[in-house]
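As a plain string of letters, each chain reads:
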Amino acid sequence: MKTWEKICQMLLCILLLGVSESLHAQFYISPKVCVADISTDPATGQLIGCEKRTSFFDTVAAADAWFWDFGDGGQSNSRNPQYVYQAPGPYTVRLTRTMNNGSVLQSTTRQITVGTYPTQPKFNDKLSADTTVCESSSLELNPFKLQIAGNVKYRWFPTGDTTKTITVDTTGCYSVEVYDAVSGCSRSAKINVKFCLQESSSGGGIEKWYFGKGGSLEFGMEGDSTERDSLAVEGDLNPDLPLENPAFKPSNSNEVSKVNTSGAVAMVYDKNTNLVFYTDGNKLFAGSDDTEIQTAGGGNFIIGNTSSSQGLMIVPKSNCNACNYTEYYVLSQDPATKLLSYSVVDMRYNNRKGAVVEQNIPLLFTASEKMAGVRSSNDSAFVLYSFDYKKGAFNILTIDSTGINTTEQIVGSNTLDSLSGTGYIAISPNGRKLAHGVVINGKNYVEVFDRNLNTNRLSNPILIDLNVPAPPTVYGVAFGSNSDILYTTIKGNPALGQDSQLIQLALFLGDAASISAGKEIILRRQEEFGALMLGPVYGIGEKYLYMSVNNKDFLPYLQNPDVKGNAAVVGLSYVAGSASFGAPLDGLATLGLPNILAPVAEQEGEGISANYSGNCQNSPTVFTTQGICSPMRNKVTWYFDDGTKKEGTQTSYTYTKPGWHTIKMVVEVFQKSKISSVVNNQVVDKLTETECTEEEYTGTIYIKPSPTTQVPRNLYICFEEFEKKAFGPSPKGGNSFVYTWMTSLGTTLSRDSAYIFDIPATYLLDVENNFGCLTKDTVTVKEGCEPALFLPDVFTPNEDNLNNDFAIIPAYITDFDFKVFNRWGELVFNSKNPEIKWDGKFKGKIYGNQLYPYTINYRSKYFPERGQLQTRGSILILK
């Protein structure tokens with residue numbers, strides 16, 4: 001670097017920080033220096049306080065080694081250490097620098113006073129509390145009900161009030177920051193207030209983008225409507241049906257925005273996708289009405305960075321024991337000094353539009369114009385990547401409730417041309433890759449890294465040769481939705497006759513040579529191509545990939561960015577003959593597209609709902625509800641369409657008829673009285689509670705038919721005669737069935753529709769229909785032979801030894817009683833022993849050629865429960 005550049009850089013730093021000290025004496029210290037604030041609450045054993053570090057920063061650009069003495073024995077060798085003092089009081093901070101020419105400057109000292117904190121505020125004796133009240137009421141919040149506050153000041157979120165107490169009537173998170181009036185050190189407490197069934201404020205919908213000179217882009221969602229799956233085994237009784245195959249499409253009406261920049265824009269959304277505020281590198285604008293955000297004192301706030309390619313970012317600042325997010329960091333890279341600094345916007349000012357409360361706090365040297373951010377893998381922090389092309393290093397910034405923590409990682413190519421300092425960094429949608437463009441020895445490359453989701457560190461760099469000499473230079477980078485295809489732009493200068501290119505790189509090809517050889521040039525024109533961006537950044541659905549083209553009133557896009565192929569395959573809009581070259585803009589695009597961050601989307605607020613599990617005829621269906629307005633007591637009553645009424649947050653009901661059924665649920669909510677907090681007794685609670693609200697809910701359920709079978713409880717087989725018997729249930733109530741025959745222990749025997757039984761035992765049968773409904777049956781196979789009598793119709797008692805007697809052969813009978821009568825009803829013969837045969841004689845004489853009626857009474861050997869059985873007939877005697 002030339003001498004005049006170094007001097008200019010240092011002077012800019014001094015102007016930036018408003019410092020009157022000499023050039024070599026300057027270093028930055030946080031305006032509030034507070035003692036360590038981690039201790040144990042003696043009443044609860046809970047850790048209270050937060051780790052609030054004091055930041056130090058040496059603003060002398062030419063220094064490259066440091067020795068800090070913090071005055072209490074603590075030391076550091078970093079340009080920008082963070083330190084926590086363990087005791088309050090005055091300290092002398094000493095910094096000794098080594099310059100990049102090897103000279104050691106005289107030590108510089110600063111006097112500081114480490115302050116103490118005010119009394120810890122609490123709600124319901126907790127640092128973080130929850131409470132539920134009736135919708136029609138209001139609630140006073142007092143953080144010092146049982147404590148003496150002392151000499152303090154207050155700032156409430158989100159109202160901005162500075163009073164000791166506030167009264168609220170809206171559901172939301174409320175927190176108070178209490179400042180010690182002398183030291184300025186502060187402590188916070190928060191309370192989530194829920195007004196029973198109060199509708200929460202509506203979300204902001206889908207994100208929109210601001211960029212360029214008045215450029216804006218809005219998105220709409222399209223998709224196929226879905227029908228309720230009435231056959232689902234479990235679900236909501238009154239479901240909200242999502243779109244099927246949702247896709248984000250660019251709007252055809254995109255109004256002029258307030259931004260005016262040739263480069264970067266930063267935007268930040270809240271958990272409901274409401275735009276909080278944004279910046280074009282010059283001014284800050286409130287997301288609610290586009291008014292300028294000023295300093296807390298009412299002065300103008302100017303960033304002065306309208307040419308950086310990607311050097312702007314707005315990051316939600318997590319707060320310890322306070323609602324998220326009361327404050328936001330606005331990070332900006334100064335293209336002249338290469339200093340990355342930040343300001344703090346506090347949303348508790350100006351009716352929730354915010355105000356700048358800290359300005360231009362130095363963060364790190366040397367930062368390029370590239371900066372990208374993403375939520376951490378556990379959504380507890382935000383992670384930013386800033387590139388230092390001189391070192392080939394990434395500065396990894398982790399921003400959480402403790403502040404901004406910076407780690408430098410030298411990885412990948414480290415001999416880079418200065419052109420590597422402009423352009424874009426891209427992080428893949430799955431968070432596992434990071435890419436940016438670099439220029440090495442006058443050639444354009446894209447370097448891709450693996451990103452560790454837990455440590456945020458980068459590894460396994462792949463340097464992909466674009467086979468394009470620089471200039472023109474690599475600029476924009478963006479991943480497709482699947483993270484395995486990467487796009488990049490070559491930014492040409494039309495005035496010099498240079499073409500710009502849009503290039504596709506298929507990362508799934510593996511190694512750098514294969515990826516380079518398989519590149520696709522999607523578009524080549526003598527225009528100035530800029531940033532690339534998949535959009536919208538947040539939201540689930542199919543997304544297009546957009547490209548900025550300088551001074552165009554449209555934004556070209558790729559409709560199918562996850563497919564390898566040429567312009568036609570990826571669905572490029574910017575082709576001859578297209579009805580539209582891209583999303584129409586009322587403003588103009590330049591080279592940049594916005595850096596966007598947002599916290600995790602908030603789940604929908606509490607509402608009344610009910611679910612079912614199981615929906616088969618003749619089987620129990622379980623109904624559940626989480627209730628409402630927890631922890632208030634709920635009385636839940638279920639009404640079924642046959643008049644049945646049941647109570648409880650969970651109940652079971654068995655439908656005997658298939659088809660649609662309606663269920664009504666009534667929830668009564670009761671609020672405890674204040675006396676219940678003094679007297680802990682359930683009887684007292686019920687006697688003193690009052691009804692808060694009563695809500696009615698109606699839902700429907702489709703009950704699927706279950707198989708109906710014809711299965712006897714007992715099946716008898718005559719094993720004495722080695723009989724086998726086949727049996728099938730002949731089910732109805734479905735289009736197809738699956739059979740499972742099993743032993744009594746559940747061992748599968750067969751899956752045929754019928755089973756052949758040959759052993760006495762108990763058998764199980766499951767029959768499942770095509771609706772997934774199951775009927776269970778049990779069959780007990782027992783030994784049982786049917787009673788039988790074998791006897792002739794005629795016999796010839798003529799002493800020829802052929803058919804001389806009326807012989808009866810019984811089978812499986814008892815209590816045999818055989819009687820023969822003549823035509824006048826006289827008893828001719830009687831025997832109780834089948835072995836005794838009738839010889840045809842009556843009173844010693846045979847009366848031939850006559851019919852004799854008879855009766856045989858008996859009982860079944862195997863089925864005595866049938867009682868006495870009788871067989872009647874006639875026998876003919878022939879002589």
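For the structure, check the block above.
Residues numbered from 1 in each chain as written. Predicted model: local features only at pLDDT ≥ 70, side-chain atom pairs only at ≥ 80, totals over all residues. Heavy atoms only, no water.

A. Quick look at the packing of aromatic side chains. Under the criterion given, the structure shown has 49 aromatic pairs. An angle of 20 degrees between the planes, with centres 4.3 Å apart, marks the rings of Phe 70 and Tyr 83 as stacked. Of this pair, Phe 70 sits in the loop between strand E5 (63-69) and strand E6 (75-76) while Tyr 83 sits in strand E7 (residues 82-83), and the two are 13 residues apart along the sequence. No difference in accessibility class separates Phe 70 from Tyr 83, as the two residues are buried. Consider the rings of Tyr 544 and Tyr 557, whose centres lie 5.0 Å apart with planes at 25 degrees: the pair is stacked. Of the two residues, Tyr 544 sits in strand E41 (residues 544-549) while Tyr 557 sits in strand E43 (residues 557-558), which places them 13 residues apart along the sequence. Connected via pairs of aromatic rings, a cluster forms that spans Phe 795, Phe 806, Phe 816, Phe 818, Phe 829, Trp 838, Tyr 852 and Tyr 854. Positioned above the aromatic ring of Tyr 349 is the side chain of Arg 155, whose terminal nitrogen or guanidinium carbon lies 4.0 Å from the ring centre. Its guanidinium or amino end placed over the ring of Trp 824, Arg 823 lies 5.3 Å from that ring's centre, counting from NZ or CZ. (Phe/Tyr/Trp six-rings, centres within 6.5 Å; stacked < 30°, edge-to-face > 60°. Helix = DSSP H or I, 4+ residues; strand = E, 2+ residues; numbered from the N terminus. Buried < 20%, exposed > 50% of the residue type's maximum accessible area, 1.4 Å probe, protein only. Lys NZ or Arg CZ within 6 Å of the ring centre and 35° of its normal.)

B. Local environment of a nonpolar patch on the surface. Nonpolar side chains collect at one region of the surface, where Ile 206, Met 221 and Leu 243 lie side by side and expose about 210 Å² of accessible area between them. Within the secondary structure layout, Leu 243 lies in the loop between strand E19 (234-236) and strand E20 (244-250). (Patch = residues over 30% accessible without salt bridge, like charges linked within 9 Å, V, L, I, M, F, W, Y side chains within 5 Å. Areas by Shrake-Rupley, 256 points an atom, 1.4 Å probe, with all protein chains shown as cover. Salt bridge = Lys/Arg side-chain N within 4 Å of Asp/Glu carboxyl O.)

C. The arrangement of the state of the cysteines in detail. The final tally for this structure, using the stated rule, is seven disulfides. One disulfide bridge connects Cys 173 with Cys 323, the sulfur atoms lying 1.9 Å from each other. The sign of the -90 degrees torsion about the S-S bond sets the Cys 173-Cys 323 disulfide as left-handed. In this pair, Cys 173 is assigned in strand E14 (residues 172-180) and Cys 323 in the loop between strand E24 (312-317) and strand E25 (327-333), connecting sequence segments 150 residues apart. Here the two residues Cys 173 and Cys 323 agree in accessibility, since each one is buried. Here Cys 616 is linked by a disulfide to Cys 773, with a sulfur-sulfur distance of 2.1 Å. One quick way to see it: the torsion about the S-S bond of Cys 616 and Cys 773 is about -85 degrees, and its sign makes the bridge left-handed. Here the residue Cys 616 occupies a position in the loop between strand E46 (611-613) and strand E47 (620-624), and Cys 773 occupies one in the loop between strand E58 (761-769) and strand E59 (774-783), the gap between them amounting to 157 residues. (Disulfide = S-S within 2.5 Å.)

D. Broad picture of the pairing of strand E64 (residues 827-831). Looking at chain direction, strand E63 (residues 813-821) and E64 are connected through four bridges and run antiparallel. Within E64, the residue paired with Phe 818 across the bridge is Ser 831. Between the antiparallel neighbours E63 and E64 lie five residues, among them Gly 825 with a positive phi of about 85 degrees. (Pairing = 2+ DSSP bridges.)

E. Structural detail: the sheet that holds strand E35 (residues 458-469). Here four strands make up an open sheet; going across it, the order is E32-E33-E34-E35 and the pairing antiparallel. Each end of this open sheet is capped by a strand with a single partner; those strands are strand E32 (425-427) and E35. Averaged over all neighbouring strand pairs, the angle between strand axes comes to 20 degrees, with direction disregarded. Judged from the seven bridges that link them, strand E34 (residues 443-451) and E35 form a sheet pairing that is antiparallel. Residue pairing across strands places Tyr 445 opposite Asp 465, the latter belonging to E35. (Axes fitted to C-alpha atoms, helices over the stretch in contact; angles between N-to-C directions.)

F. View of the environment of Asn 833. Considering the arrangement of structural elements, one finds Asn 833 in the loop between E64 and strand E65 (841-842). Exposure remark for Asn 833: the relative accessible area of 33% places this residue in the partly exposed category. Placed 16 residues apart in sequence, Asn 833 and Asp 817 show a C-alpha to C-alpha distance of 7.3 Å.

G. Quick look at the sheet that holds strand E30 (residues 393-400). If you trace the four strands from one edge of the open sheet to the other, you get E28-E29-E30-E31, paired in antiparallel fashion. The open sheet has two edge strands, strand E28 (371-375) and strand E31 (403-410), and neither has a second partner. On average, adjacent strands in this sheet sit at an angle of 20 degrees to one another, irrespective of strand direction. Judged from the eight bridges that link them, E30 and E31 form a sheet pairing that is antiparallel. Bridging from a neighbouring strand, Ile 396 pairs with Thr 407 of E31.

H. Unusual backbone geometry, seen in detail. Omega for the peptide link from Asn 324 to Tyr 325 comes to 5 degrees, which places this bond in the cis form. At Asn 360, a residue that is not glycine, the phi angle is positive and equals roughly 50 degrees. With respect to the helices and strands, the residue Asn 360 is situated in strand E27 (residues 355-364). At Asn 456, a position not held by glycine, the phi torsion is positive, near 70 degrees.

I. Representation of the pattern of salt bridges within the structure. Taken as a whole, this structure holds 22 salt bridges when the rule is applied. For the salt bridge of Lys 317 with Glu 327, the shortest nitrogen-to-oxygen distance reads 2.9 Å. Of this pair, Lys 317 sits in strand E24 while Glu 327 is found in strand E25, placing the two residues 10 residues apart along the sequence. Take Lys 317: its relative accessible area is 17%, and that puts it in the buried class. Assessed through its relative accessible area of 10%, Glu 327 is described here as buried. The residue Arg 375 makes a salt bridge to Asp 379 at a minimum N-O spacing of 3.4 Å. Arg 375 gets classed as partly exposed once you look at its relative accessible area, which sits at 22%.

J. Main features of the pairing of E47. Along E47, the buried face is formed by Thr 621 and Phe 623; none of Pro 620, Val 622 and Thr 624, which line the opposite face, is buried. Note that E46 and E47 share three bridges and pair antiparallel. Bridged to Tyr 612 within E47 is Phe 623. As consecutive antiparallel partners, E46 and E47 are separated by six residues, and within that stretch Gly 614 has a phi angle of approximately 90 degrees, a positive value.

K. Local environment of the side chain of Asp 465. By the element assignment, Asp 465 lies in strand E35. Of the polar contacts made by the side chain of Asp 465, one reaches the backbone nitrogen of Asn 467; its length is 2.7 Å. Sequence-distant contacts of Asp 465, that is, excluding residues within four places in its chain, are made with Lys 443, Asn 444, Tyr 445 and Ser 516. (Polar contact = N/O pair within 3.5 Å; in protein donor to acceptor, adjacent residues only side chain to side chain. Contact = heavy atoms within 4.5 Å.)

L. Up close: the environment of Gly 648. Within the secondary structure, Gly 648 sits in the loop between strand E49 (645-647) and strand E50 (650-654). Along the backbone, Gly 648 and Ser 580 are 68 residues apart, and their C-alpha atoms lie at a distance of 59 Å. When residues no more than four places from it in sequence are discounted, the contact partners of Gly 648 are Val 636 and Trp 638.

M. Spatial organisation of the environment of Arg 713. Its location among the elements puts Arg 713 in the loop between strand E52 (690-703) and strand E53 (714-717). Sequence-wise, Arg 713 and Thr 762 are 49 residues apart; in three dimensions their C-alpha atoms are separated by 9.8 Å.

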